[in-house]
2 protein chains.
Amino acid sequence: MTAEILSVGTELLLGDIINTNAAFIARELKQLGISAYFQTVVGDNKERLIAALNSAAARSDIIITTGGLGPTADDITKETAAEFLGLELTLDENLWNGIREGMLKRGRPVTENNKKQALLPNSGRFLHNANGTAPGVIMEKNGKTVILLPGPPFEMEAMFKNEVIPIIIQKTDTRFYSKTLRICGIGESQAEDMLKDVIETQTNPTIAPYAKSFEVHFRVTAASADAEAARKLAQPVIDKIYAVLGENIYGEDETTLEEAVISLLLKKKLTLACAESCTGGLIASRLVNVSGVSAVFMEGIVSYSNESKVTRLGVSPETIEKYGAVSKQTALEMAAGAARVLNCGVGLSVTGIAGAGATGLSVAATDAAESNIAGADIAKTAGRRGVPESDICAEDKADKQTGLVFIGIFVGGHVTAEEFHFTGSRNRIRGQSAQTALDLLRRKLLNGN
Amino acid sequence: MTAEILSVGTELLLGDIINTNAAFIARELKQLGISAYFQTVVGDNKERLIAALNSAAARSDIIITTGGLGPTADDITKETAAEFLGLELTLDENLWNGIREGMLKRGRPVTENNKKQALLPNSGRFLHNANGTAPGVIMEKNGKTVILLPGPPFEMEAMFKNEVIPIIIQKTDTRFYSKTLRICGIGESQAEDMLKDVIETQTNPTIAPYAKSFEVHFRVTAASADAEAARKLAQPVIDKIYAVLGENIYGEDETTLEEAVISLLLKKKLTLACAESCTGGLIASRLVNVSGVSAVFMEGIVSYSNESKVTRLGVSPETIEKYGAVSKQTALEMAAGAARVLNCGVGLSVTGIAGAGATGLSVAATDAAESNIAGADIAKTAGRRGVPESDICAEDKADKQTGLVFIGIFVGGHVTAEEFHFTGSRNRIRGQSAQTALDLLRRKLLNGN
């Protein structure tokens, strides 16, 4: 069976967005054992969309489109695909009522345009959109299956996993078992090197590496006539990977690093306090995205200024004066201070120089402000606290030190800190810092602390 | 003149890499005023590559390929494109000597395969590769131009800018001007509805809407014989959009919402304190991603538990008891408390019920923890603070109230709070809450506070 991916959207043709959807679907199809030989991108244009559907139908059994299902006039994928297959559209009253109620609940005005989303081609059926209003559609005619998915990746991906995979599995007689092992703290090439022998000797299951943001995933996929046989093929290889990579594997499948950390804290009955400078709430925000977090994480402090480090966390002004705000000593005192002040068993701190980012106010605006506001505050603080002016707001200085980050951990009455040198944009350095802090804490908790 | 992009590479079809090259070239073509209506991806397969070249040549003047120019046997783009155009390949001795010397210098073994890179179709010419060994090629026949570029983005991008743009500019006489207006606080369909008259009467400039995460962008693009004339065509339409959408437009081009907020704070010489419950650091984290933020934002508090709201922000236990942690009254006290405790002119607070997320620990783990750890803490806190147990950790309760969020703002000595009902996953509700909080603050600051 062959499938092909047809991405619809003028913003793709203009290069305003990158086509991550095609890569996602391609990977999923490969895992399902479906061959896909073509990907096409067309704009929201009826004539060219029909031409693309024609070409696709001539060479593939399944056509999967993304984009153009929204309520606006330029969203024409469903109407055009129905016309291409010779199907009529009728309003699904149930769905329309649901959409309308949802919009009213959110205080959004309901316009006639929104009705488009509830139009269903006859003999087709809707695919549920767990993360948005535009439903997907599946239609079949003359042995061709056309599957229409929304464009926003987080809507499309959930719909593919929940709605499309079961449909495709029914169409094939091969069953797959796959498990993703999530690795943090070592790079992709290092992980691949460590697994070289395992990877090279395998054809079924296959082992595919995926580089993610600051981590690597390996997906092991076995194919067989039934699911249980596939699982039995995969298991010994999964065991081998665990034997080689050990605690570099933090979780499986959908488990996130923050979930792994919170699970360990729960198991050890420990509570966590965060003190974040350059990460500015990134760690707290990741933790809070785990439901059930309130058992181990109750509050965090974003200490972006030196004054905050001193008044909120009890870092000594002498430490900041002697070693600087971005130093091992400050990280140690921030971690211990956070645990003490917030009354938790574990304290995690980050202080570093993220540098100037792609996102930045114009220099003029920043300079004016620094002299008018922060300047005054700095003088006040420095006078009051004995903190030297030069160290204030070190995170905003883009210099040779950009990427220097210290991470401190207080646990079991002991406090340690490590130095890192990250590279890339401000955003990237902050992301790497948050990821590394969570991973360091995970390893500390694993190793008996 | 029309162009199209043909990406060659089995790794693209398998989803192992994301096609950033197509987006890059598309953006560059748009800036050059070249229409590009199709993008295609095929694997390193001769038959399918010829089929794709055929389709492309039938509808476009310029075909730009990426990938498949390397030295290995599966790199077949140049050989196939030459065959497609009926051109013969001959070895360019100069180039071959250069490649060989370069490889010897870097200690790489020179194999017969490397000769492939020095083969030139007759009547074609090479494009210099500043960042790698595989040169590009440009060939013309029967009014069609075929441009072959290497696959690695940093090689391709440099070659496009240095070698391809001068060739394309010679072929066109249109210049473009475009501006993006960024809108927040109203939905895509509502914004389009408001702009209906402006959009429908326009052909040059065009107005294109883009739905982004919790915001909408409108791009106005004008074409003319020179860049200044294009700008003059666009300006009256941009002015009209400003007249219609007013303060719903928070910024232009690359400006982010957090930058818009920080700019206003700088202008008004105000400092900001954040108190985040369900957003858990998301707002602070967005603010800290703006370099220069230290002038207006120095610290934030993530008050996930009720105890933290009481001890850290000074919310009265009676307020939480009477109205609940997720209430307008608590939001008001959090905002005022944050400004007071952190000694800032402005306080921004968020408290809400984000619900259970896609990311969530297993129920068993959460329950165990709630009784073992949080349970104990809750009893302690409740006893100490008089806070009823039932309201503690309201954010972790996934019930009918999911999506209920209160946002409080303290500014100019006055504190206000608003109620919202968001929908979607835990992550989405948190994202909407952070976005809405920043937008509300922006509007407050704009309106003279």
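Before any of the text, the structure's been laid out above.
Scope of this entry: the structure provided in the associated data block. None of these values were measured; they are calculated from a predicted model.

Along chain A, the regular secondary structure elements total 16 helices and 17 strands. Burial statistics for chain A: of 449 residues in total, 56% are counted as buried. Partitioning the contacts of chain A with sequence separation of at least 6, the portion at a separation of at least 24 is 72%. In the form shown here, chain A has an accessible surface area of approximately 17400 Å², with 50% of it arising from carbon and sulfur atoms.

Strands in a sheet are paired, the pairing made by backbone hydrogen bonds, and the direction either parallel or antiparallel. Across the sheet, which stays open at both edges, the twelve strands sit in the order 6(A)-7(A)-8(A)-3(A)-1(A)-2(A)-2(B)-1(B)-3(B)-8(B)-7(B)-6(B) with mixed pairing between neighbours. In this open sheet, the two strands that pair with only one neighbour each are strand 6 (125–127) of chain A together with strand 6 (125–127) of chain B. The mean inter-strand angle of the sheet, taken between neighbouring strand axes irrespective of direction, is 20°. Across the sheet, helix 6 (residues 153–171) of chain B is in contact with strand 3 (62–66), strand 6, strand 7 (136–141) and strand 8 (144–149) of chain B; its angle to strand 8 of chain B comes to roughly 165°.

The step from Asn204(A) to Pro205(A) runs through a cis peptide bond, and the omega angle for that step is 5°. Considering the arrangement of structural elements, one finds Pro205(A) in the loop between helix 8 (196–200) and strand 10 (206–212). Although it is not a glycine, Asp253(A) sits at a positive phi angle of roughly 55°. Tracing the backbone through its elements, the reader meets Asp253(A) in the loop between strand 12 (249–252) and helix 10 (257–267). The exposure class assigned to Asp253(A) is partly exposed, which follows from its relative accessible area of 29%. Positioned with a positive phi, Ser123(B) is a non-glycine residue whose angle comes to about 75°.

Moving on, we come to the pairing of strand 17 (residues 414–421) of chain B. Residues and elements named next belong to chain B. With eight bridges joining them, strand 16 (residues 404–411) and strand 17 adopt antiparallel strand pairing. The partner of Phe 410 across the bridge, within strand 17, is Val 415. As consecutive antiparallel partners, strand 16 and strand 17 are separated by two residues, and within that stretch Gly 412 has a phi angle of approximately 60°, a positive value.

Another point: the packing of aromatic side chains. Residues and elements named next belong to chain A. By the definition in use, this model includes four aromatic pairs over all chains. Taken together, a centroid distance of 5.5 Å and an interplanar angle of 5° make the contact between Phe 420 and Phe 422 stacked. A residue is classified by how much of its surface remains accessible, and Phe 420, at 16% relative accessible area, is buried. What makes Phe 422 buried here is its relative accessible area of 11%. Across from the ring centre of Phe 38, 3.7 Å away, lies the NZ or CZ of Arg 59, which sits over that ring.

Turning next to the state of the cysteines. Residues and elements named next belong to chain A. In total, this model carries zero disulfides over all chains according to the counting rule given. You can see Cys 184 has no disulfide; the closest cysteine sulfur is in Cys 274, sitting 16 Å from it. Using a relative accessible area of 2% as the deciding quantity, one classes Cys 184 as buried. Counting only cysteine sulfurs, Cys 344 is the nearest neighbor of Cys 274, a cysteine outside any disulfide, at a range of 8.9 Å.

This paragraph deals with the pairing of strand 16 of chain B. Residues and elements named next belong to chain B. Of all eight residues that make up strand 16, eight are buried, and the element is covered over most of its length. The alternating pattern of strand 16 places Leu 404, Phe 406, Gly 408 and Phe 410 on one face and Val 405, Ile 407, Ile 409 and Val 411 on the opposite face, and all of these are buried. With seven bridges connecting them, strand 15 (residues 346–352) and strand 16 associate as antiparallel partners. Within the sheet, the bridge partner assigned to Val 350 lies in strand 16 and is Ile 407.

Glancing now at the interface of chain A and chain B. Listed by partner, the interface residues are 92 residues for chain A and 94 residues for chain B. The interface formed by chain A and chain B holds five salt bridges in total. The tally of links from chain A across to chain B stands at 30 residue pairs in polar contact (both at pLDDT 80 or more). Element by element, the count of residues in the side of chain A that touches chain B is highest for helix 15 (residues 363–385) of chain A, at eight residues. Of the residues assigned to the side of chain A that touches chain B, the class counts are 40 nonpolar, 34 polar and 18 charged.

All names here are of chain A. Considering the arrangement of structural elements, one finds Arg 443 in helix 16 (residues 426–446). From its side chain, Arg 443 meets the backbone oxygen of Cys 184 in a polar contact 2.7 Å long. In this structure, Arg 443 is in contact with Cys 184, Gly 185, Glu 247 and Asn 248, ignoring residues within four places of it in sequence.

Procedures and definitions
Residues numbered from 1 in each chain as written. Chains lettered and ligands numbered in written order. Predicted model: local features only at pLDDT ≥ 70, side-chain atom pairs only at ≥ 80, totals over all residues. Heavy atoms only, no water. Helix = DSSP H or I, 4+ residues; strand = E, 2+ residues; numbered from the N terminus. Buried < 20%, exposed > 50% of the residue type's maximum accessible area, 1.4 Å probe, protein only. Contact = heavy atoms within 4.5 Å. Areas by Shrake-Rupley, 256 points an atom, 1.4 Å probe, with all protein chains shown as cover. Pairing = 2+ DSSP bridges. Axes fitted to C-alpha atoms, helices over the stretch in contact; angles between N-to-C directions. Phe/Tyr/Trp six-rings, centres within 6.5 Å; stacked < 30°, edge-to-face > 60°. Lys NZ or Arg CZ within 6 Å of the ring centre and 35° of its normal. Disulfide = S-S within 2.5 Å. Salt bridge = Lys/Arg side-chain N within 4 Å of Asp/Glu carboxyl O. Polar contact = N/O pair within 3.5 Å; in protein donor to acceptor, adjacent residues only side chain to side chain. Nonpolar A, V, L, I, M, F, W, Y, C, P; charged D, E, K, R; others polar.

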